[in-house]
Amino acid sequence: MIKIIPILIMSLIVSACQSTNVNINEGLDGIFRDIATYNVDLGSSALVLASGDYLDSYEEKGGVEKYRVFVFKDKRSYINKVMSGYCESHDGVIHKYDSRRIGRDNINKHVCELKENRDIAIFSYYFDYEDLVKKDWPSWVLTFFKPVGNNQLSQSVFPSFSNRKEAGKEHELWMKEREQKRKERLEEKKRRKEEKLKKLKVRSLDTREKVLTKGTKICFVSIEDKVVGYTEDATEEKIKVMINSEYIWDWPDNWYACDRY
């Protein structure tokens, strides 16, 4: 019984307290408190939470409030669930930014947009492991942004629906241009290879007499395979080629004299 009482007291303190140092509305504070206190071990983390000091920092800049909340461990699934419910309660819909489209810095970034007008952001958030302001150690932190009045979120960090749509068109155009350039490079590479192969075939004709002569150093007519051998014998149709002490019979059209190879 003695061990249970402190735990009960701790639980009551955590559930009753409100984040200190910031005049925050109860609804939002309740969201932060639920996230911060969800699935934490009693100890240093619980002591911080019990003091109501689960808000690491707060600032208002450019008409946007920014909250950083102690989370202590990776709770992204629970955070996304809570934020989704909070967004729905405000007639909004969650959009998760595509890090492949916008960049590595947008991993885990979400925005809640009004269903009737997706260009109006209700709030946004991301979740990451960061250094703390109030403590000398890093922790998992929920960073939450809430526009004040008619202000907008930073478009460089949280692009709006229209800007994303426009960026999507630009990205699609860029992808098409990149694919076109890739095809052009492949075509040019193919053209150069065909040109080199054509020259080797001409060289085979120009050096045919040498190719038929025993002891001539000859090379295979190919761009990919560099095969070198020596003429050992010749008939009216084929030549006998020695390659690494092994012999094959082949058409002379497939070889050219390459003394300088």
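Since this is a predicted model, take the numbers as computed values, not measurements.

**Focus on the overall build of the chain**
- Regarding its fold elements, the chain presents seven helices and 11 strands.
- A total of 261 residues make up the chain; the buried ones form 35% of that total.
- Within the structure as shown, the chain displays about 16,900 Å² of accessible surface, and the carbon and sulfur contribution to it stands at 50%.

**What to know about the sheet that holds strand 1 (residues 55–61)**
- Taking strand neighbours across the sheet as the criterion, the six strands line up as 1-2-6-5-4-3 in an open arrangement whose pairing is antiparallel. The two strands at the open ends of the sheet, each matched to only one other strand, are strand 1 and strand 3 (92–96). Between one strand axis and the next, the sheet turns through 15° on average, direction left out of account.
- Inspection of the sheet shows strand 1 paired to strand 2 (residues 64–70) by six bridges, in the antiparallel sense. Looking at the pairing, Ser57 lines up with Arg68 of strand 2.
- Running over the sheet, helix 4 (residues 76–88) touches strand 3, strand 4 (110–114), strand 5 (121–131) and strand 6 (138–147) and is turned about 165° from strand 5.

**Points about the packing of helix 2 (residues 26–37) against helix 4**
- Between helix 2 and helix 4, the least distance of the axes is 10 Å, while the angle of their chain directions is 160°. When the axes of helix 2 and helix 4 are compared, the pair comes out roughly antiparallel. Both helix 2 and helix 4 take part in a crossing whose hand is right-handed. The segment helix 2 lies against helix 4, with Leu28, Ile31, Asp34 and Ile35 engaging Tyr78, Ile79, Val82, Met83 and Tyr86.
- For the contact of helix 2 with helix 4, the per-class residue count stands at eight nonpolar, no polar and one charged.

**Looking at helix 2**
- Relative to the 16 Å expected for 12 residues at 1.5 Å per residue, helix 2 spans 16 Å between its end C-alpha atoms, a close match to the ideal helical length.
- All buried positions along helix 2 are accounted for by Leu28, Asp29, Gly30, Ile31, Phe32, Arg33, Ile35 and Ala36.
- Downstream of helix 2 by a residue or two, Asn39 has a phi angle that is positive, lying close to 55°.

Rules and cut-offs
- Residues numbered from 1 in each chain as written.
- Predicted model: local features only at pLDDT ≥ 70, side-chain atom pairs only at ≥ 80, totals over all residues.
- Heavy atoms only, no water.
- Helix = DSSP H or I, 4+ residues; strand = E, 2+ residues; numbered from the N terminus.
- Buried < 20%, exposed > 50% of the residue type's maximum accessible area, 1.4 Å probe, protein only.
- Areas by Shrake-Rupley, 256 points an atom, 1.4 Å probe, with all protein chains shown as cover.
- Pairing = 2+ DSSP bridges.
- Axes fitted to C-alpha atoms, helices over the stretch in contact; angles between N-to-C directions.
- Contact = heavy atoms within 4.5 Å.
- Parallel < 35°, antiparallel > 145°, perpendicular 65-115°, else oblique.
- Left-handed = near helix turned anticlockwise from the far one by under 90°.
- Nonpolar A, V, L, I, M, F, W, Y, C, P; charged D, E, K, R; others polar.
- Expected span 1.5 Å × (residues − 1).

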